[in-house]
Amino acid sequence: QVQLVESGGGLVQPGGSLRLSCAASGSIFRIYTMAWYRQAPGKQRELVAAISSGGSTNYADSVKGRFTISRDNAKNTMYLQMNSLKPEDTAVYYCKADATDRATRVLSNYWGQGTQVTVSS
């Protein structure tokens, strides 16, 4: 099994910045695409940004130019640098990884437990 743990959420004022981290651990053989999703109250979970194992990235239109996704493959860790935060960025942020387990070599989707980001004055 692969476990994902997010950290770095919190309360920030509009215009502020936060950096989220997602650390993968467990029986990892290989991690492919990693991504950040978010879910605001009463809304569906949406893709924020994704990054391939080779470093290719894509972003939701709503965060382009403000958020930057990155990863450190040696540490099995992904990051989301969030700048110029807006109240509408308030949500629970989840990390997701497409990975193969060392024992089974089966490709599966793994999710973290989520971290709350609140943008408010």
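Structure's up top.
Since we're looking at a predicted model, the values are computed, not measured.

Undergrad: How do you make sense of the environment of alanine 60 when you look at a structure like this?
TA: Take alanine 60: it is sitting in the loop between strand 6 (57-59) and strand 7 (67-72). C-alpha of alanine 60 to C-alpha of leucine 20: the two residues are 40 residues apart in sequence and 17 Å apart in space.

Undergrad: Help me understand the state of the cysteines in this model?
TA: Two cysteines whose sulfur atoms are joined by a covalent bond form what is called a disulfide. On inspection of all chains with the given rule, the structure shows 1 disulfide. Between cysteine 22 and cysteine 95 runs a disulfide, and the two sulfur atoms are separated by 2.2 Å. Here the S-S torsion is close to 55°, and the disulfide linking cysteine 22 with cysteine 95 is therefore right-handed. One end of the pair, cysteine 22, is in strand 3 (residues 18-26); the other, cysteine 95, is in strand 9 (residues 91-101), with 73 residues separating them in the sequence. Assigned by exposure class, cysteine 22 and cysteine 95 land together as buried.

Undergrad: Looking at this structure, I do not really get the pairing of strand 7. What am I missing?
TA: A one-sided burial pattern is seen for strand 7, the buried positions being Phe67, Ile69 and Arg71 and the unburied ones Thr68, Ser70 and Asp72. Note: strand 7 against strand 8 (residues 77-82), 6 bridges, orientation antiparallel. Looking across to strand 8, one finds that threonine 68 is bridged to glutamine 81.

Undergrad: So what exactly am I meant to see when it comes to the sheet that holds strand 3 here?
TA: Picture the strands of a sheet paired through backbone hydrogen bonds; they go either parallel or antiparallel. With respect to topology, 4 strands assemble into an open sheet ordered 1-3-8-7, the strand pairing being antiparallel. Two strands in the sheet have a free side with no partner beyond their single neighbour: strand 1 (2-7) and strand 7. Averaged over all adjacent pairs, the angle separating strand axes in this sheet is 15°, with direction ignored.

Undergrad: Explain the nonpolar core to me, please; I cannot follow it from the model alone.
TA: A general trend in soluble globular proteins is that nonpolar side chains are found buried together. Trp36, Leu80, Met82 and Tyr93 are the most contacted members of the largest nonpolar core, which has 30 residues in total. Elements represented by at least two residues in this core include exactly strand 1, strand 3, strand 4 (28-39), strand 5 (46-51), strand 7, strand 8, strand 9 and strand 11 (115-119). When residues no more than four places from it in sequence are discounted, the contact partners of methionine 82 are Gly16, Ser17, Leu18, Leu20, Arg66, Phe67, Tyr93 and Val117.

Undergrad: Help me understand the environment of valine 48, please; the structure alone is not making it clear to me.
TA: Position of valine 48 among the secondary structure elements: in strand 5. Taking the relative accessible area as the measure of exposure, valine 48 reaches 1% and is therefore buried. For valine 48 and leucine 4, which are 44 residues apart along the polypeptide, the C-alpha to C-alpha distance reads 17 Å. With sequence-adjacent residues up to four places away left out, valine 48 is seen in contact with Trp36, Tyr37, Arg38, Asn58, Tyr59, Ala60, Val63, Phe67, Leu80 and Tyr93.

Undergrad: Mind showing me how you'd approach the pattern of salt bridges here?
TA: Pairing is possible between side chains that carry opposite charge, provided their charged atoms lie close to one another. If you walk through the whole model with that rule in mind, you get 5 salt bridges. A salt bridge links arginine 38 to glutamate 46; its shortest N-O distance comes to 2.7 Å. Arginine 38 sits in the buried class, given a relative accessible area of 7%. For glutamate 46, a relative accessible area of 36% puts it in the partly exposed group. Residue lysine 96 pairs with aspartate 98 through a salt bridge whose shortest N-O separation is 3.0 Å. Each member of the pair, lysine 96 as well as aspartate 98, carries the same accessibility label: buried. What you see here is one network of salt bridges that share partners, running through Arg38, Glu46, Arg66 and Asp89.

What counts and what doesn't
Residues numbered from 1 in each chain as written. Predicted model: local features only at pLDDT ≥ 70, side-chain atom pairs only at ≥ 80, totals over all residues. Heavy atoms only, no water. Helix = DSSP H or I, 4+ residues; strand = E, 2+ residues; numbered from the N terminus. Disulfide = S-S within 2.5 Å. Buried < 20%, exposed > 50% of the residue type's maximum accessible area, 1.4 Å probe, protein only. Pairing = 2+ DSSP bridges. Axes fitted to C-alpha atoms, helices over the stretch in contact; angles between N-to-C directions. Core = buried A, V, L, I, M, F, W, Y, C linked by side-chain atoms within 4.5 Å. Contact = heavy atoms within 4.5 Å. Salt bridge = Lys/Arg side-chain N within 4 Å of Asp/Glu carboxyl O.

As far as function goes, none of this settles anything; it's purely spatial.
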